[in-house]
Amino acid sequence: MTVSGDLITWSEKFSCGIKLIDDQHKELVELVNEMFNHVTGNDLQEKNYFNRVINDAVAYVKTHFATEEKLMLATKFDGYAEHKKEHDTFVLAVVENIKDYEAGKRLTLSTFTRFLKDWVLSHIALMDKKYFEYFKKVATRKADGKLSINSEDVRNAVEGKS
Ligand code: FEO
């Protein structure tokens, strides 16, 4: 992943190989970039945009976290507790930021988006990366040619067959 100006460009070196996860990470990157593209410096415009998209953005982040956590739990990934804690801390921080933003505290769309960008980049590079190899080992290539984890893969992982 490279950061050009304020935007993030997806790079395959940040791919874990599991299509579901990679697609969600790409979507997160797009979400951050989309927010950057709405930084205009015009408070009213930015606030209207923020109010329009923030709930869906938070819902998407939560869906992604839930996907990862479900897979980690199902496959008995030993970094689950540490990882979940980081997800939970981030969601709390986002909620606090949103409250501040809505209360008109001196938080701009630009500051908020930079916070998201920094977190997403470092989280994928440091935390998510810890499960990349593990998930790849658990996953199998399915009929569609994509690497994914189904219930049989989970069973094999738990029983130590993968
Ligand atoms: Fe991809 Fe742990 O968030």
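Right above here is the structure, for reference.
Trainee: Pulling in residues and values, what's your account of helix α5 (residues 151–158)?
Mentor: Buried within α5 are the following residues: D153, V154 and A157. Looking down the long axis of α5, one finds its buried residues gathered within 100 degrees of arc, a one-sided arrangement. On its buried face, α5 is in contact with α2 (43–74), α4 (109–138), β3 (140–141) and β4 (147–148). With a side-chain oxygen lying 3.0 Å from the backbone nitrogen of E152, the N-terminal cap of α5 falls on N150.

Trainee: Pulling in residues and values, what's your account of the environment of V94?
Mentor: Tracing the sequence through the fold places V94 in helix α3 (residues 80–102). Accessibility expressed as a relative area gives 7% for V94, which makes it buried. When the C-alpha positions of V94 and F115 are compared, they lie 9.0 Å apart, and in sequence the two are 21 residues distant. Ignoring any residue separated from it by four or fewer positions in sequence, one finds V94 in contact with V58, F112, F115 and L116.

Trainee: Describe the side chain of H87, with residues and values.
Mentor: Along the chain, the position of H87 falls in helix α3. Classification of H87 by relative accessible area gives buried; the value is 1%. When sequence neighbours within four positions are dropped, the list of residues in contact with H87 reads F65, E68, E69, W119, H123 and D128.

Trainee: Mind laying out the packing of aromatic side chains, listing which residues take part and the relevant values?
Mentor: What the rule picks out here adds up to 13 aromatic pairs. With a centroid separation of 5.3 Å and an interplanar angle of 45 degrees, the aromatic rings of F77 and Y134 are classed as tilted. Taken together, the positions of F77 in the loop between α2 and α3 and Y134 in helix α4 put the pair 57 residues apart, joining distant regions of the chain. Classification of F77 as buried rests on a relative accessible area of 9%. Residue classification places Y134 among the partly exposed residues on the basis of a relative accessible area of 27%. Between F90 and F115 the ring centres are 5.9 Å apart and the planes differ by 25 degrees, which places this aromatic pair in the stacked class. With F90 in helix α3 and F115 in helix α4, the pair connects residues that are 25 residues apart, well separated along the chain. Overall, F90 belongs to the buried group, its relative accessible area being 4%. Taken together through their ring pairs, the aromatic side chains of F50, F65, F90, Y101, F112, F115 and W119 make up a single cluster. A cation sits over an aromatic face here: K47 above Y101, 5.5 Å from the ring centre.

Procedures and definitions
- Residues numbered from 1 in each chain as written.
- Predicted model: local features only at pLDDT ≥ 70, side-chain atom pairs only at ≥ 80, totals over all residues.
- Heavy atoms only, no water.
- Buried < 20%, exposed > 50% of the residue type's maximum accessible area, 1.4 Å probe, protein only.
- Helix = DSSP H or I, 4+ residues; strand = E, 2+ residues; numbered from the N terminus.
- Arc of directions from axis to C-beta.
- Contact = heavy atoms within 4.5 Å.
- Polar contact = N/O pair within 3.5 Å; in protein donor to acceptor, adjacent residues only side chain to side chain.
- Phe/Tyr/Trp six-rings, centres within 6.5 Å; stacked < 30°, edge-to-face > 60°.
- Lys NZ or Arg CZ within 6 Å of the ring centre and 35° of its normal.

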